[in-house]
Amino acid sequence: SMASPALLMRVVASAYSVAEKAATIVRNVMAAGDLGIVEKTGANDLQTKADRLVQMSICASLARKFPKVTIIGEEELSTDEVNEELIEDGHCEEILKNTCPAQYTGIKEEELVIWVDPLDGTKEYTEGLLDHVTVLIGIAYGGKAIAGVINQPYYNYQAEAGAVLGRTIWGVLGLGAFGFQLTEAPAGKHIIVTTRSHSSTLVNDCISALNPDSVIRVGGAGNKIIQLIEGKASAYVFASPGCKKWDTCAPEAILHAVGGKITDIHGNPFQYNKEVKHMNSAGVLATLRNYDYYASRIPNNVKRSLVP
């Protein structure tokens, strides 16, 4: 008889369906018209009804199936009484057909940490820049991002009638990443993707020092990693604190699964064990290819200003 799929593949397969359910919630909240916006620390740090419902849905659904896994979400919410309508019990059969990479076959539930950003790009969501929005579920083991799911609820939203709305990208280290067409940025072009709403002198000085051909300013860490893996940008540079573990865990796993690299501005890898501080205080540098080119050009004053 067939051995039952390894825990990691079951978690990813469930996270896939949970992310699709999350996308439906995100679209339904927007369609209903009342976003229920609350300012957390200010006008650039918002929370909506979608952030709240999606986090409850993701965390409660995964906790029910994998009770010993640590799940850390962006929003501070109680998940004691979650409406049954928010629970997603399904999984993606396709994912379970893949063989789990050998180094992850023995993982136990209590060794996994799941980092959840229910709605990455909330500010853009409230402003109607819907293609910036992603739902992020990152899976870490031994402090390292090893698998991730990124859902774009509004992928294709400006396409012609009949186009399928939304998509789910997933990846596992040692297996690859799926649900998109891997494309490299044009050779010899330096296209930098960076923050849209969290700019600063330091952010801009760092970008200028890299002498880019062009700069794309968009919301959401998930969205920026998608720009890299689809060849729209050659580097994601954010010389500022502000990014958190739940922003980078899922995108990191997908980027690393296709041979890319993400670190802080000093070149340190991110740690994802459950005790770690949530802030990536030394910024972000990510590329699909040519990481060293960009890393070698980060100015020293920028590095001095950003303490890990």
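Reference entry: report on the structure contained in this document. On a predicted model such as this, the values are computed, not experimentally measured, just so you know.

1. Quick look at unusual backbone geometry
- Non-glycine residue Asn211 carries a positive phi angle of around 50°.
- Structurally, Asn211 is set in the loop between α5 (201-209) and β10 (214-217).
- We classify Asn211 as exposed; its relative accessible area is 60%.
- Unlike most non-glycine residues, Asn290 shows phi in positive territory, near 60°.

2. Describing the pairing of strand β7 (residues 167-172)
- The buried count for β7 comes to six of six residues, which makes it a mostly enclosed element.
- Covered by surrounding structure in β7 are Arg167, Ile169 and Gly171 together with Thr168, Trp170 and Val172, the residues of both alternating faces.
- Strand direction decides the pairing type here: strand β6 (residues 144-152) and β7, joined by six bridges, are antiparallel. Paired with Gln152 across the bridge in β7 is Arg167.
- Looking at chain direction, β7 and strand β8 (residues 176-178) are connected through three bridges and run antiparallel. Each bridged residue has a counterpart across the sheet, and for Val172 the counterpart in β8 is Gly176.
- Adjacent in sequence and paired antiparallel, β7 and β8 are bridged by three residues, among which Gly174 carries a positive phi angle near 85°.

3. Side note on helix α7 (residues 245-257)
- Helix length check: α7 (13 residues) gives 18 Å between terminal C-alpha atoms against 18 Å at 1.5 Å per residue, within 8%.
- The sharpest bend along α7 comes to roughly 25°, located at Pro251.
- Among the 13 residues that make up α7, 12 are buried, leaving the element largely enclosed by the rest of the structure.
- Following α7 by one or two positions, Gly259 adopts a phi angle in the positive range, close to 85°.

4. What to know about the environment of Ala209
- Position of Ala209 among the secondary structure elements: in helix α5.
- Each C-alpha atom of the pair Ala209 and Ile298 lies 7.1 Å from the other, and the pair is 89 residues apart in sequence.
- Aside from chain neighbours lying at most four places away, what touches Ala209 is Arg297 and Pro299.

5. Description of the pattern of salt bridges
- According to the stated counting rule, one finds 11 salt bridges in the structure shown.
- The partner of Asp45 in a salt bridge is Lys40, and the shortest N-O contact between them spans 4.0 Å.
- A salt bridge links Glu84 to Arg64, with the shortest nitrogen-to-oxygen separation between them at 2.9 Å. Here Glu84 is found in the loop between β3 (70-73) and α3 (93-96), whereas its partner Arg64 is found in helix α2 (residues 49-65), with 20 residues between them in sequence.
- Connected through salt bridges with shared partners, the residues Lys40, Asp45, Glu74 and Glu75 form a single ionic network.

6. Describing the sheet that holds strand β13 (residues 284-287)
- Spatial ordering of the open sheet is given by β10-β9-β11-β13-β12, a layout of five strands whose pairing is mixed. Two strands lie at the open edges of the sheet, namely β10 and β12 (261-263), each paired on one side alone. Shown here is a sheet whose adjacent strand axes are inclined to one another by a mean of 20°, direction ignored.
- Where strand β11 (residues 235-238) meets β13, three bridges bridge the pair, whose relative direction is antiparallel. Residue pairing in the sheet places Phe238 in a bridge with Val284 of β13.
- The strands touched by helix α6 (residues 221-229) are β9 (191-194), β10, β11, β12 and β13; relative to β11, the strand with the most contacts, the crossing angle is about 150°.
- Sheet strands in contact with α7 are β12 and β13, and its direction is about 145° off that of β12.

7. A few points about the packing of helix α1 (residues 7-32) against α2
- Taken N-terminus to C-terminus, the directions of α1 and α2 make an angle of 160°; their axes are 9 Å apart at the nearest point. By the angle between their axes, α1 is roughly antiparallel relative to α2. The chirality of how α1 crosses α2 is right-handed. Each of Ser14, Ala15, Val18, Lys21, Ala22, Ile25, Val26 and Val29 in α1 lies in contact with α2, whose residues at this interface are Lys49, Ala50, Leu53, Val54, Ser57, Ile58, Ser61, Leu62 and Lys65.
- Class assignment for the residues of the contact of α1 with α2 results in 11 nonpolar, three polar and three charged.

Thresholds applied
- All chains use their own residue numbering, which begins from 1 and follows the written sequence.
- This being a predicted model, a pLDDT of at least 70 is required before a residue's local features are given, and a value of 80 or more before pairs of side-chain atoms are given or counted; all residues contribute to the totals for chains, interfaces and linings.
- Heavy atoms from the whole structure form the basis of all side-chain values; hydrogens and water molecules are not counted.
- Secondary structure elements follow DSSP: runs of H or I no shorter than four residues count as helices, runs of E no shorter than two count as strands, and numbering proceeds from the N terminus.
- Note on exposure labels: buried denotes an accessible area under 20% of the residue type's maximum, exposed denotes more than 50%, and partly exposed covers the range between, all computed with a 1.4 Å probe on protein chains only.
- Note: two strands are recorded as paired if DSSP finds a minimum of 2 bridges between them.
- Every helix has an expected span of 1.5 Å times one less than the residues it contains.
- Here the bend at a residue means the angle between the axes of two seven-residue stretches, the one that ends at it and the one that starts at it.
- Any two residues whose heavy atoms approach within 4.5 Å at even a single point are treated as in contact.
- Here a salt bridge means any side-chain nitrogen of Lys or Arg lying within 4 Å of a carboxyl oxygen belonging to Asp or Glu.
- Axes, fitted as lines to C-alpha atoms, cover a helix only where it is in contact. Angles between the N-to-C directions of the axes lie from 0 to 180 degrees.
- Roughly parallel here means an angle under 35 degrees, roughly antiparallel means over 145, roughly perpendicular means 65 to 115, and every remaining angle is called oblique.
- Each crossing gets its hand from how the near helix is turned against the far one by less than a right angle, where anticlockwise is left-handed and clockwise is right-handed.
- Put simply, Ala, Val, Leu, Ile, Met, Phe, Trp, Tyr, Cys and Pro go in the nonpolar bin, Asp, Glu, Lys and Arg in the charged bin, and everything else, Gly too, in the polar bin.

Read these as layout, nothing more, since geometry by itself doesn't imply function.
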